[in-house]
Amino acid sequence: MSRLRITEIFYSLQGETRTMGLPTVFIRLTGCPLRCHYCDTEYAFTGGEYMSLDEILSKVASFNPKYITVTGGEPLAQKAPCEELMTRLCDNGYSVSIETSGAMDISLVDPRVNVVLDLKTPDSGEMSKNLWSNIERLKPSDEVKFVICSRKDYDWARMKVNELCLAQKCDVLFSPSFGQQAATQLADWIVADNLPVRFQVQLHKILWNDEPGH
């Protein structure tokens, strides 16, 4: 029987992406092969407990949600059972998204799943891990996110948006690294350059100061 190592399952508001503000069940998987310097979920690197897919689906159903986000850590580090879980969630009629680092192959993710691909910028410390073959697999319903830590990151991300024609493939999100890149400054840069991207801040950090379970 397939199982996954789970850090937490909780019901909260989506803090990012196009479904920001909507009540969402989060399934946070344990483990991540990356070590971005700004990571806000280091508690998900280790620990957790194994749950069968049936146990996970039962827990999710108890919240009676519409939206589900599979996150981590890096959820696709537990690749096959994670993919199986998302297919079963879609089969049950949920609107499903996955937050993945961009370092993991998304080719076998169920096409009904909204992939939020977090491409790593130079100042993340993990830019070399980006798997660029994922770009050709993006669907119009997917989203690409850049966490911007500095002007250098912004210029690099702007170059990649243009070079890879990302805005023609799917929605593109620019998010300031919390406590590092001033949000207003990033917003001003986007407006000045007339970039075809969506600025976002992390709603959950504003509301709950990034406490686990939110």
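Note that the coordinates shown come from a computational prediction; the quantities given were computed from them, not determined experimentally.

(A) Structural context of the packing of helix α1 (residues 53-61) against helix α2 (residues 79-91). At their nearest, the axes of α1 and α2 sit 11 Å apart, and the two run at 40° to each other. On the basis of their axis angle, the class for α1 and α2 is oblique. The way α1 lies across α2 gives a crossing that is right-handed. Contacts between α1 and α2 involve Leu53, Asp54, Ile56, Leu57 and Val60 from the former and Pro81, Glu84, Leu85, Arg88 and Leu89 from the latter. When its residues are assigned to classes, the contact of α1 with α2 shows 7 nonpolar, no polar and 3 charged.

(B) Looking closely at the packing of helix α3 (residues 151-163) against helix α5 (residues 183-193). Running from N to C, α3 and α5 point in directions that differ by 35°, and their axes come no closer than 11 Å. The way α3 lies across α5 gives a crossing that is right-handed. The segment α3 lies against α5, with Arg151, Tyr154 and Arg158 engaging Leu186, Trp189, Ile190 and Asp193.

(C) Main features of the packing of aromatic side chains. Using the criterion set out here, one finds 7 aromatic pairs in the structure. Judged by centre distance (5.1 Å) and plane angle (15°), the rings of Phe10 and Phe26 are stacked. Residue Phe10 is found in strand β1 (residues 3-13), and its partner Phe26 is found in strand β2 (residues 23-29); the two are separated by 16 residues along the sequence. For the pair shown, Phe10 and Phe26 are each scored as buried. Summarising the aromatic geometry, the rings of Phe146 and Phe174 are spaced 5.4 Å apart at their centres and angled 70° between planes, so their arrangement reads as edge-to-face. Of the two residues, Phe146 is situated in strand β7 (residues 143-148) and Phe174 in strand β8 (residues 171-176); the sequence distance between them amounts to 28 residues. Grouping residues by exposure puts Phe146 and Phe174 together as buried.

(D) Region of the structure containing α3. End to end, α3 covers 18 Å across 13 residues, agreeing with the expected 18 Å (1.5 Å per residue, within 8%). Those residues of α3 lying buried are Asp153, Tyr154, Trp156, Ala157, Lys160 and Val161. Seen from one end, α3 has its buried residues packed into an arc of 165°, which puts them on one side. Away from its buried face, by an angle of more than 90 degrees, α3 presents the exposed residues Lys152 and Asn162. Looking at the buried residues of α3, the elements they touch are β7, α4 (166-169), β8 and α5.

Criteria and cut-off values
- Residues numbered from 1 in each chain as written.
- Predicted model: local features only at pLDDT ≥ 70, side-chain atom pairs only at ≥ 80, totals over all residues.
- Heavy atoms only, no water.
- Axes fitted to C-alpha atoms, helices over the stretch in contact; angles between N-to-C directions.
- Helix = DSSP H or I, 4+ residues; strand = E, 2+ residues; numbered from the N terminus.
- Parallel < 35°, antiparallel > 145°, perpendicular 65-115°, else oblique.
- Left-handed = near helix turned anticlockwise from the far one by under 90°.
- Contact = heavy atoms within 4.5 Å.
- Nonpolar A, V, L, I, M, F, W, Y, C, P; charged D, E, K, R; others polar.
- Phe/Tyr/Trp six-rings, centres within 6.5 Å; stacked < 30°, edge-to-face > 60°.
- Buried < 20%, exposed > 50% of the residue type's maximum accessible area, 1.4 Å probe, protein only.
- Expected span 1.5 Å × (residues − 1).
- Arc of directions from axis to C-beta.

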